[in-house]
Amino acid sequence: MCGIIGIIGKAPVTPLLVDALKRLEYRGYDSSGVATLVNGHIDRRRAEGKLVNLEARLASEPLPGTIGIGHTRWATHGKPSERNAHPIATDRVAVVHNGIIENFQELKGELVAEGRHFDSDTDTEVVAQLITSYLEKQMSPEQAMGKAMERLRGAFALAILFSGRHDILMGARRGSSLAVGYGDGEMYVGTDALALAPFTRQVSYLEDDDWVVLRADGCTVYQGGFEVKREVRQSGISGAMIGKGNHRHFMLKEIHEQPAVIGDTLQTYLDPATRSVTLPVLPFDWNKVSRITMTACGTAYYACMVAKYWFEGLARLSVEVEVASELRYREPPLPEGGVCIAVSQSGETVDTLAAIRYAKANKQTILSVVNVPESAIARESHLVLPTLAGPEISVASTKATTTQLTVLLCLAIAAGRARGTLSPEAEARLALALIELPAHVNQALNMEEEYRRVAETVLAEARDVLYLGRGSSFPIALEGALKLKEISYIHAEGYAAGEMKHGPIALIDETVPVVVVAPTDAIFDKTASNFEQAKARGGKLVLLSDAAGVGRLGNQAVVSLTLPTVDPVVAPILYTVPVQLLAYYTAVAKGTDVDQPRNLAKSVTVE
Ligand code: F6R
């Protein structure tokens with residue numbers, strides 16, 4: 001969702017602001033803008049649509065100034081338009097904002113009653129007008145900011161520029177993330193360390209309710225009326241990590257990074273010498289866990305669905321999996337002694353955050369699997385098991401998912417060992433399957449021409465596509481359908497193969513491709529029957545299986561993709577890769593914006 005950057009520097013800042021906005025594009029946006037101080041006055045350039053439009057505006061109307069703020073906006077209040085694009089400004093302040101001001105109607109009512117005129121449809125404008133109103137009542141910028149923090153409700157990150165004040169820039173956070181960067185005679189504020197990466201790797205993260213006054217040589221952080229200190233750390237993200245390399249899209253680059261990042265993740269959670277998993281000390285006893293509740297959104301939710309099969313099968317533990325947006329409002333009873341596992345790439349997804357807060361309030365131990373260790377979900381968990389995927393830029397999640405699955409399988413193995421449901425031999429067998437996984441994923445990646453052909457000849461022309469799978473392949477069918485929908489805009493459904501005859505079979509005819517995710521496992525024969533039922537209705541079957549499965553069903557498919565033969569327990573991790581690439585090449589064939597699909601955002605910080 002929205003991205004924020006602010007710089008107080010020595011050189012003209014507009015090129016740096018635009019450069020940072022490019023690194024924030026991955027979050028998803030529909031308009032953008034920058035504001036600087038020119039001879040003490042706020043001046044702005046804004047544009048609807050992609051950053052190239054803003055760059056074109058800046059080329060015809062350059063914006064000088066050594067202090068400024070910039071924004072990529074994902075519309076919530078008010079349609080995407082230049083008028084609603086940030087920075088939102090009055091003659092006294094310019095504001096960029098990520099999140100939602102929940103009491104904006106109430107504040108707007110008060111401000112309009114004071115005689116203030118609003119120029120946009122955004123909730124953000126109440127922040128600009130409120131601070132302006134305080135400044136006009138002779139408050140200092142610091143007093144105005146402190147007072148505004150008391151009035152604003154909701155989740156937000158803000159950066160604020162004051163007219164006539166070349167010496168200060170302010171930031172504030174409640175809910176949405178905001179990082180402060182320390183440079184040499186320059187200071188920065190930005191949504192995340194990625195935005196700041198080429199400027200500085202010295203960063204601190206604001207906590208909820210913090211607000212900060214930046215000066216060129218440092219900053220002061222406040223919480224309530226008091227000054228507070230926030231630790232300055234060396235960010236692990238370098239500018240070099242966030243390029244596309246030789247790949248056409250970030251998504252393709254990230255898909256290809258999977259053997260390496262799964263390997264990095266395994267190094268943390270598995271000892272190849274002893275063929276056993278090595279987890280940090282957990283804040284609970286597996287033998288006393290009353291129930292596991294898993295929660296997440298989107299692709300991360302499907303990772304949880306796969307993990308349910310693992311926890312139940314390997315550790316005989318009862319697991320509930322629920323999308324976070326439902327769990328948080330359903331308010332289910334959670335038995336004392338339960339563990340809530342939250343899974344999130346960004347660690348900022350607002351529904352997942354709210355779900356863990358609910359679980360925490362209900363005395364659950366919170367364990368999170370996140371890719372951004374400084375994120376809100378990580379900070380609010382009792383224990384964090386990080387995925388080592390590195391920055392994921394493409395909106396469609398790929399390498400984060402397979403590393404999430406890798407961590408969750410290690411966790412389920414540890415649970416099985418602790419509960420005596422998994423023998424040392426079985427653990428060693430699974431550890432070996434995991435150790436070999438990066439090589440198997442690499443083999444699956446080497447079939448790229450085959451994915452491209454299926455995408456171009458079977459999927460790209462379709463109006464609807466059905467994905468089927470059974471057991472732990474069912475969530476992979478869901479994931480395949482989600483990936484196809486989000487980046488190629490083709491309607492797709494994922495279904496449990498055995499459920500197909502209860503409705504979706506009616507959709508099948510010779511125009512509907514049916515992608516069947518079918519590694520040879522204990523229920524392969526059952527999937528094979530469903531495959532044949534779909535074939536009998538004329539469906540165009542695309543089979544994803546191993547040599548044995550293709551040998552058995554390949555002659556009935558329009559195309560079969562033969563993946564490496566692996567232990568069925570790790571198969572869901574491997575089979576995630578072909579469904580990613582099928583979606584990727586279909587999107588390329590259709591010419592869609594692969595890395596920034598329409599209407600989507602990378603980090604979903606609104607409900
Ligand atoms: C799909 C996708 C989304 C995310 C979801 C959760 O490719 O990326 O469905 O998985 O928005 O995001 P995180 O993992 O950041 O909580």
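In this convention, every chain numbers its residues from 1, walking through the sequence in written order. Reporting in this predicted model follows two pLDDT cut-offs: at least 70 for local features of residues, and 80 or more for side-chain atom pairs to be given and counted; totals over whole chains, interfaces and linings ignore these cut-offs and use all residues. For the side-chain quantities, the full set of heavy atoms in the structure was used; hydrogens and water were omitted.

**Examining the site of the ligand**
Stage number 1. Within the structure, the ligand sits among 14 residues, and Ser344, Gln345, Ser346, Thr349 and Glu486 are positioned closest to it.
Stage number 2. Here an oxygen atom of the ligand and a side-chain polar atom of Ser346 are 2.6 Å apart.
Stage number 3. Elements represented by at least two residues in the shell around the ligand include exactly α9 (298-315) and α17 (474-488).
Stage number 4. Strands here are runs of E lasting at least two residues and helices are runs of H or I lasting at least four, both read from the DSSP assignment and numbered beginning at the N terminus. A per-element tally of the shell around the ligand places α9 first, with three residues.
Stage number 5. The class makeup of the residues in the shell around the ligand is five nonpolar, seven polar and two charged.
Stage number 6. A domain split of the shell around the ligand shows at least three residues from each of domain 2 (244-446) and domain 3 (447-607). When we say a residue is near a molecule or strand, we mean one of its heavy atoms is within 4 Å of it. Counted as a polar contact is a pair of N or O atoms within 3.5 Å, where, for protein atoms, one must be capable of donating a hydrogen and the other of accepting one, and residues adjacent in sequence contribute only when both atoms are in side chains. Under the scheme applied here, ten amino acids are nonpolar (Ala, Val, Leu, Ile, Met, Phe, Trp, Tyr, Cys and Pro), four are charged (Asp, Glu, Lys and Arg), and all others, including Gly, are polar. Domain ranges listed in this record stem from an automatic or a database domain assignment.

**Remarks on the side chain of His97**
Stage number 1. Mapped onto the elements of the fold, His97 is located in strand β6 (residues 93-101).
Stage number 2. Relative accessibility decides the category of a residue: with a 1.4 Å probe and only protein chains considered, values under 20% of the type maximum give buried, values over 50% give exposed, and everything between is partly exposed. A relative accessible area of 2% means that His97 is categorised as buried.
Stage number 3. Within polar-contact distance, the side chain of His97 engages the side chain of Thr124 at 2.7 Å.
Stage number 4. With residues up to four places along the chain from it excluded, the contact list for His97 reads Cys2, Ile4, His71, His86, Asp123, Thr124, Ala155, Phe156, Ala157 and Leu158. Residue contacts are counted whenever heavy atoms from the two residues lie within 4.5 Å of one another.

**Side note on the domain arrangement of the protein**
Stage number 1. According to the domain assignment, the protein contains domain 1 (3-241), domain 2 (244-446) and domain 3 (447-607).
Stage number 2. Listed per partner, the contact involves twelve residues of domain 1 and nine residues of domain 3.
Stage number 3. Defined in terms of a 1.4 Å probe, buried area is the accessible area two parts forfeit on being brought together, summed over both. A buried area of about 860 Å², summed over both sides, lies between domain 1 and domain 3, and 53% of it is on carbon and sulfur atoms.
Stage number 4. Sorting the residues of domain 1 by area buried against domain 3 places Tyr26, Arg27 and Trp74 first, and these three jointly supply 51% of that buried surface.
Stage number 5. For salt bridges, the criterion is a side-chain nitrogen of Lys or Arg within 4 Å of an Asp or Glu carboxyl oxygen. Between the two partners, domain 1 and domain 3, sit one salt bridge.
Stage number 6. Lys50 is paired through a salt bridge with Asp593; the nearest N and O atoms lie 3.4 Å apart.
Stage number 7. Along the contact surface separating domain 1 from domain 3 lie three residue pairs in polar contact (both at pLDDT 80 or more).
Stage number 8. Each residue belonging to the side of domain 1 that touches domain 3 can be placed in one class, and the counts come to four nonpolar, five polar and three charged.

**Details of the pairing of strand β26 (residues 540-545)**
Stage number 1. For β26, the buried fraction is high: five of the six residues fall into the buried class.
Stage number 2. Consider the strands pointing away from the viewer: the crossover is right-handed when the path from the first strand over the helix to the second runs clockwise. As a crossover connection, the stretch from strand β25 (residues 513-517) through helix α18 (residues 524-536) into β26 is right-handed.
Stage number 3. Inspection of the sheet shows β26 paired to strand β27 (residues 559-562) by four bridges, in the parallel sense. Following the sheet pairing, Ser545 is matched in β27 by Thr562.
Stage number 4. Read as a crossover between parallel neighbours, the route from β26 over helix α19 (residues 547-553) to β27 is right-handed. At least two DSSP bridges between two strands are needed for those strands to be called paired.

**Let's talk about the packing of aromatic side chains**
For any pair of aromatic rings, the description consists of the separation of the ring centres together with the inter-plane angle of the planes.
Stage number 1. To pair, rings of Phe, Tyr and Trp, with the six-membered ring standing in for Trp, must have centres within 6.5 Å; the planes then decide the type, stacked if under 30 degrees apart, edge-to-face if over 60, and tilted in the middle. Tallied over the full model, the rule gives six aromatic pairs.
Stage number 2. Seen in terms of ring centroids, Phe284 and Trp286 are 4.9 Å apart; in terms of plane orientation they differ by 90°. Their pairing is edge-to-face. Here Phe284 matches Trp286 in class, with each residue buried.
Stage number 3. With a centroid separation of 6.1 Å and 35° between ring planes, the pair formed by Trp286 and Phe311 is classed as tilted. In this pair, Trp286 is assigned in the loop between β17 (276-277) and β18 (292-296) and Phe311 in helix α9, connecting sequence segments 25 residues apart.
Stage number 4. Under the relative-accessibility criterion, Trp286 is labelled buried at 5%.
Stage number 5. Taking the relative accessible area as the measure of exposure, Phe311 reaches 0% and is therefore buried.
Stage number 6. Positioned over the ring face of Phe199 is Arg23, at 5.1 Å from the centre of the ring.
Stage number 7. By the criterion adopted, a ring carries a charge over it if an Arg CZ or a Lys NZ lies within 6 Å of its centre and within 35 degrees of its normal. Its end group placed over the ring of Tyr489, Arg598 keeps NZ or CZ at 3.8 Å from the ring centre.

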